[in-house]
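One letter stands for each residue in the lines below.
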2 protein chains.
Amino acid sequence: MKKYLILGVAMLGALAANAQQALWGAAPVVSPEIHPDNTVTFRLKAPKADKVQVTGDFLPTQKIKTPFGEFDGPGVADLVHKDGVWEYTTTAPLAPELYSYTFLVDDLKITDPSNVHQLRDVASVTNVFIIGGDYADYFKINDVPHGTVSKVWYNSPSLGMNRRLTVYTPAGYEKGDKRYPVFYLLHGMGGDENAWTELGRAAQVLDNMIAQGKAEPMIVVMTNGNAALQAAPGESSLGFAAPSIQLPKTMEGSFETHFPEVVNFIDKNYRTKASKDSRAIAGLSMGGFHSMHISKEYPDMFDYVGLFSAAIMPDKKVKSPIYDNIEGKLKVQFDKKPALYWIAIGDKDFLYQANTEYRKMLDDKGYKYVYRESPDGHIWKNWRIYLTEFVPMLFKK
Amino acid sequence: MKKYLILGVAMLGALAANAQQALWGAAPVVSPEIHPDNTVTFRLKAPKADKVQVTGDFLPTQKIKTPFGEFDGPGVADLVHKDGVWEYTTTAPLAPELYSYTFLVDDLKITDPSNVHQLRDVASVTNVFIIGGDYADYFKINDVPHGTVSKVWYNSPSLGMNRRLTVYTPAGYEKGDKRYPVFYLLHGMGGDENAWTELGRAAQVLDNMIAQGKAEPMIVVMTNGNAALQAAPGESSLGFAAPSIQLPKTMEGSFETHFPEVVNFIDKNYRTKASKDSRAIAGLSMGGFHSMHISKEYPDMFDYVGLFSAAIMPDKKVKSPIYDNIEGKLKVQFDKKPALYWIAIGDKDFLYQANTEYRKMLDDKGYKYVYRESPDGHIWKNWRIYLTEFVPMLFKK
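Now for a look at the structure at hand. Since this is a predicted model, take the numbers as computed values, not measurements.

Quick look at the side chain of Asn 382 of chain A
Residues and elements named next belong to chain A. Mapped onto the fold, Asn 382 is located in helix 9 (residues 380-390). In terms of polar contacts, Asn 382 uses its side chain to reach the backbone carbonyl oxygen of Pro 375, at 3.1 Å. Once you skip the residues sitting within four places of it in the chain, Asn 382 turns out to touch Gly 346, Ser 374, Pro 375, Asp 376 and Gly 377.

Structure below.
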């Protein structure tokens, strides 16, 4: 009897103390190391490499040429080699932000083997770290009450499939019988129902803003805006297929048409305030396009509308009743005086001009909206900031 | 008005068709490619590399020397270089399984840039793919009704913190007022509340087995067994810190002592059948140790107990009332005749001898249990298989 109690104790001790690298594959260097002054050191053990670089959005942008124009892309910095370990420290403290980066080893792009914290954006995986302070403190997991994040499947008769949602319910939802307003939060092209919680830190933003009394406790529903798909890559019956850039059913009306099925599902299965003044919809890029069309198509559904860097540009070749009589439908929507119609865009966004034209049309008609212009382009930095600005305005009527 | 509708259409079209690599960073080769005969080709574009290898559990194991003995580790195969692209095809079709792999580029371990599907196991990130068939079909996401997977926070007064759980509720839970049995499923040392859904495919196993009528619809609760931590790496107020191998509160009684707080939280917040005959507990390695101690400590709580490769080896230097009078408590537990006491281990597991001793003690006392011995060692392959075998036996009394 005694023997089985002590068998292997020495081994377990050794495991816990020494085995991390041997058995669990941890990398032998610390990277990234965030110093007290918010400079950051990146390290990679690669004795046989000829060149190691780091690329990420913490570096000054550089122009990237593509077949359809030049874009601002992440900069590149060289790591210095010493005794098998390559190293680079930022030349200045980094501003508060959630940053992403990868290494380039002899031009091969790799993630940092020392950093298990990664994010997928469409077909690209990068490492991530946070410099706290300012709005970036909303992205942190602080010691505040946490909401629940659920992956929930709903049935869509019109799309003929079960589909996956991410649903955030605020801390305290489980207890009691209180009803909550609902914020529908939509992703961009190539994104999915995971994008806003992973890249957008939506659960952290809501947890922190609710705890600070800056936002109303609310349910947040994050859909999958590609009406051809059930779910995010790796989460559907497509299995571990590569994320597809073939997105046949993203901006052709199906998603917008089916949207009441989502709202009905949420109202049926959650303790919602099922009325227009307790519903908001917003989205980034394609999700802004969807939010515009859904909110005008169902003018009694949403009192709060947010267009974040909205892709206000349907393909005229696409035929859908959703895109018919846009002016007439907008008139109906704005005649009902939405509580908030919020348009935000970066001054370097490739959709800046399209949004300017759209705003001019709204101005010409005398439709009321709130405009927010930020620096930078079509990037998650802006969308996370917009979220922290949009959420406090909701459900305050 | 018309202008804003068509602005940028060409650009969006170009984006959708061509921009994946330029803007979204997809790798330029397909990897892994699973052929119709279940051979698999791995590819890496790395023109400047001198040597590229693939390592993973689909290859024959090789001995890995560590300070505390030799272990079976994943094998290594060389990729062949042609025109900048390295390639390796398995010499034979692979058997059904969820496999993981990484590349070694001039001895630097990297994940496959062409495969966004990755899993973290403690401090190591690997790529993953599934070869279907046999029990591996349970790991796939099939077109069956899907349960909800939630990340839920509960308060632990005894541990003095809010802590994170993964909770699976079966398809149909949201509708109606049916009550469900609960299966508590525990991870191993270095794991966390994400381990069973990510590495263990627990949600897929449950979805598929419930849909096929092989398992009762049940709630599955996956805890974090390190009583010093709130949550998995990246999911607590520690932020994006590296996973720690310092695990001070894993096998010293705190987790076991606090466990009724979890059960009470679940019974209070979910529609459970709150009785012994509707509760199961099982765990792998350290989680098997926890399951053994929790089930004997609270002999009226669990009717179904599963020890998967259990680490039956407390450190005798650790003092906790949990580890006092083990024989007396086991007598109480077995006198109450648990519906199932299931012990499973691989014949190459380093805990094989400890489990043999434990079973001998149970035999000597005349305590009834079911024993399952499998091939292989202390690996997730076994734990996933055990899950598919344990779940159908639950709540059938």
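Read on, since the account is not over.
A short note on unusual backbone geometry
Residue Pro 32 of chain A follows Ser 31 of chain A across a cis peptide bond; omega there is -10°. Positionally, Pro 32 of chain A belongs in the loop between helix 2 (9-24) and strand 1 (33-34). A positive phi angle, near 55°, is found at Arg 201 of chain B, a position not held by glycine. Here Arg 201 of chain B lies in the loop between helix 3 (195-198) and helix 4 (202-211).

Focus on the pairing of strand 6 (residues 75-78) of chain A
All names here are of chain A. By the alternation rule, side chains of strand 6 split into Gly 75 and Ala 77, which are all buried, and Val 76 and Asp 78, of which none is buried. Sheet topology places strand 3 (residues 52-56) next to strand 6; 4 bridges connect them, and they run antiparallel. Among the inter-strand pairings, Gly 56 is bridged to a residue of strand 6, identified as Gly 75.

Quick word on the nonpolar core
The biggest cluster of nonpolar side chains holds 44 residues, and the ones touching the most others in it are Phe 58 of chain A together with Val 54 and Phe 58 of chain B. Setting aside residues no more than four positions away along its own chain, Phe 58 of chain A makes contact with Phe 42, Tyr 88, Thr 90, Leu 94, Tyr 99, Tyr 101 and Phe 129 of chain A.

A short note on helix 8 (residues 352-365) of chain B
Compared with an ideal rise of 1.5 Å per residue, which puts 14 residues at 20 Å, helix 8 of chain B spans 20 Å between its outermost C-alpha atoms and is within 8% of the ideal. What helix 8 of chain B keeps buried is the set Ala 354, Asn 355, Glu 357, Tyr 358, Arg 359, Met 361 and Leu 362 of chain B.

Notes on the environment of Gly 176 of chain A
Residue and element names in this part refer to chain A. Tracing the chain through its elements places Gly 176 in the loop between strand 14 (161-169) and strand 15 (182-186). You can call Gly 176 exposed: its relative accessible area is 57%. Taking the C-alpha atoms as reference points, Gly 176 and Met 222, 46 residues apart in sequence, are found 24 Å from one another.

Examining the pattern of salt bridges
Taken as a whole, this structure holds 38 salt bridges over all chains when the rule is applied. A salt bridge links Lys 140 of chain B to Asp 137 of chain B; the nearest nitrogen and oxygen atoms lie 4.0 Å apart. Owing to a relative accessible area of 31%, Lys 140 of chain B belongs among the partly exposed residues under this scheme. Here Glu 297 of chain B and Lys 296 of chain B are joined by a salt bridge, their closest N and O atoms 2.9 Å apart. Note on Glu 297 of chain B: relative accessible area 22%, which makes it partly exposed. Salt bridges linked by common partners bring Glu 33, Arg 43 and Glu 87 of chain A together as one network.

Notes on the packing of aromatic side chains
Residues and elements named next belong to chain A. Considering all chains together, one arrives at 56 aromatic pairs over all chains under this definition. With 5.0 Å between their ring centres and 80° between their planes, Trp 196 and Trp 380 make a pair best called edge-to-face. Of this pair, Trp 196 sits in helix 3 (residues 195-198) while Trp 380 is found in helix 9, placing the two residues 184 residues apart along the sequence. The burial state of Trp 196 is the same as that of Trp 380; both residues are buried. The structure contains a cluster of three or more aromatic residues connected by ring pairs, namely Phe 183, Trp 196, Phe 308, Trp 342, Trp 380, Trp 383, Tyr 386 and Phe 390.

Brief notes about the packing of helix 5 (residues 254-269) of chain A against helix 6 (residues 286-297) of chain A
All names here are of chain A. Where helix 5 contacts helix 6, the axes come no closer than 9 Å and their chain directions differ by 60°. One way to sum up the angle between helix 5 and helix 6 is to call them oblique. The element helix 5 and its partner helix 6 pack so that their crossing is right-handed. Every residue of helix 6 that contacts helix 5 at Phe 255, Glu 256 and Phe 259 is listed here: Phe 289, His 290, His 293 and Ile 294. Per-class residue counts for the contact of helix 5 with helix 6 are 4 nonpolar, 2 polar and 1 charged.

Here we look at the pairing of strand 14 (residues 161-169) of chain B
Residues and elements named next belong to chain B. Taken across its 9 residues, strand 14 has 8 buried, putting it largely inside the fold. Counted along the chain from strand 13 (residues 148-156) to the antiparallel partner strand 14, the turn is 4 residues long, and its residue Gly 160 has a positive phi close to 70°. Note that strand 14 and strand 16 (residues 219-222) share 3 bridges and pair antiparallel. Following the sheet pairing, Tyr 168 is matched in strand 16 by Val 220.

A closer look at the sheet that holds strand 8 (residues 85-89) of chain B
Residues and elements named next belong to chain B. Across the sheet, 4 strands lie side by side as 1-2-8-7; this open sheet has antiparallel pairing. Edge strands, defined here as strands with exactly one partner in the open sheet, are strand 1 (33-34) and strand 7 (80-82). Two strands pair when backbone bridges link them, and strand 2 (residues 40-45) and strand 8 are joined in this way by 5 bridges, in the antiparallel orientation. In the sheet register, Leu 44 faces strand 8, and the bridge partner there is Trp 86.

Some remarks on the sheet that holds strand 7 (residues 80-82) of chain A
Residues and elements named next belong to chain A. Across the sheet, 4 strands lie side by side as 1-2-8-7; this open sheet has antiparallel pairing. Since the sheet does not close on itself, it has two edges, and those belong to strand 1 and strand 7, each with one partner. Strand direction decides the pairing type here: strand 1 and strand 2 (residues 40-45), joined by 2 bridges, are antiparallel. If you follow Ile 34 over to strand 2, its bridge partner there is Val 40.

A look at the side chain of Thr 272 of chain B
Considering the arrangement of structural elements, one finds Thr 272 of chain B in the loop between helix 5 (254-269) and strand 17 (279-284). When its relative accessible area of 2% is taken as the criterion, Thr 272 of chain B is described as buried.

With respect to the packing of helix 6 of chain A against helix 7 (residues 326-335) of chain A
Residues and elements named next belong to chain A. Closest axis-to-axis distance for the helix 6/helix 7 pair is 8 Å, and the angle between their directions is 70°. Between helix 6 and helix 7, the crossing angle belongs to the class labelled roughly perpendicular. Considering the relative orientation of helix 6 and helix 7, their crossing is left-handed. For the pair helix 6 and helix 7, contact is made by Met 292, His 293, Ser 295, Lys 296 and Glu 297 and by Ile 326, Lys 329, Leu 330 and Gln 333, respectively. Broken down by class, the residue content of the contact of helix 6 with helix 7 amounts to 3 nonpolar, 3 polar and 3 charged.

Side note on empty space enclosed by the protein
Residues and elements named next belong to chain B. Applying the stated criterion to the full structure yields 3 cavities of 30 Å³ or more. Secondary structure elements with two or more residues in the lining of the second largest cavity: strand 11 (118-121) and helix 3. Across the lining of the second largest cavity, the residue classes tally to 3 nonpolar, 3 polar and 4 charged.

Regarding the environment of Arg 43 of chain B
All names here are of chain B. Inspection of the secondary structure puts Arg 43 in strand 2. Separated by 133 residues in sequence, Arg 43 and Gly 176 have C-alpha atoms that sit 50 Å apart. Apart from residues no more than four positions distant in its own chain, Arg 43 is found in contact with Val 29, Val 30, Ser 31, Glu 33, Val 85, Trp 86, Glu 87, Phe 103 and Asp 112. Separated by 2.9 Å, the side chains of Arg 43 and Glu 33 make a polar contact.

Reading guide: rules and limits
- Residues numbered from 1 in each chain as written.
- Chains lettered and ligands numbered in written order.
- Predicted model: local features only at pLDDT ≥ 70, side-chain atom pairs only at ≥ 80, totals over all residues.
- Heavy atoms only, no water.
- Helix = DSSP H or I, 4+ residues; strand = E, 2+ residues; numbered from the N terminus.
- Polar contact = N/O pair within 3.5 Å; in protein donor to acceptor, adjacent residues only side chain to side chain.
- Contact = heavy atoms within 4.5 Å.
- Buried < 20%, exposed > 50% of the residue type's maximum accessible area, 1.4 Å probe, protein only.
- Pairing = 2+ DSSP bridges.
- Core = buried A, V, L, I, M, F, W, Y, C linked by side-chain atoms within 4.5 Å.
- Expected span 1.5 Å × (residues − 1).
- Salt bridge = Lys/Arg side-chain N within 4 Å of Asp/Glu carboxyl O.
- Phe/Tyr/Trp six-rings, centres within 6.5 Å; stacked < 30°, edge-to-face > 60°.
- Axes fitted to C-alpha atoms, helices over the stretch in contact; angles between N-to-C directions.
- Parallel < 35°, antiparallel > 145°, perpendicular 65-115°, else oblique.
- Left-handed = near helix turned anticlockwise from the far one by under 90°.
- Nonpolar A, V, L, I, M, F, W, Y, C, P; charged D, E, K, R; others polar.
- 1 Å grid on protein atoms, 1.4 Å probe; cavity = no way out; pocket = protein on both sides within 12 Å on 5 of 7 lines; lining within 4 Å.
- Points joined across faces, edges and corners; volume = space filled by probe spheres on them.

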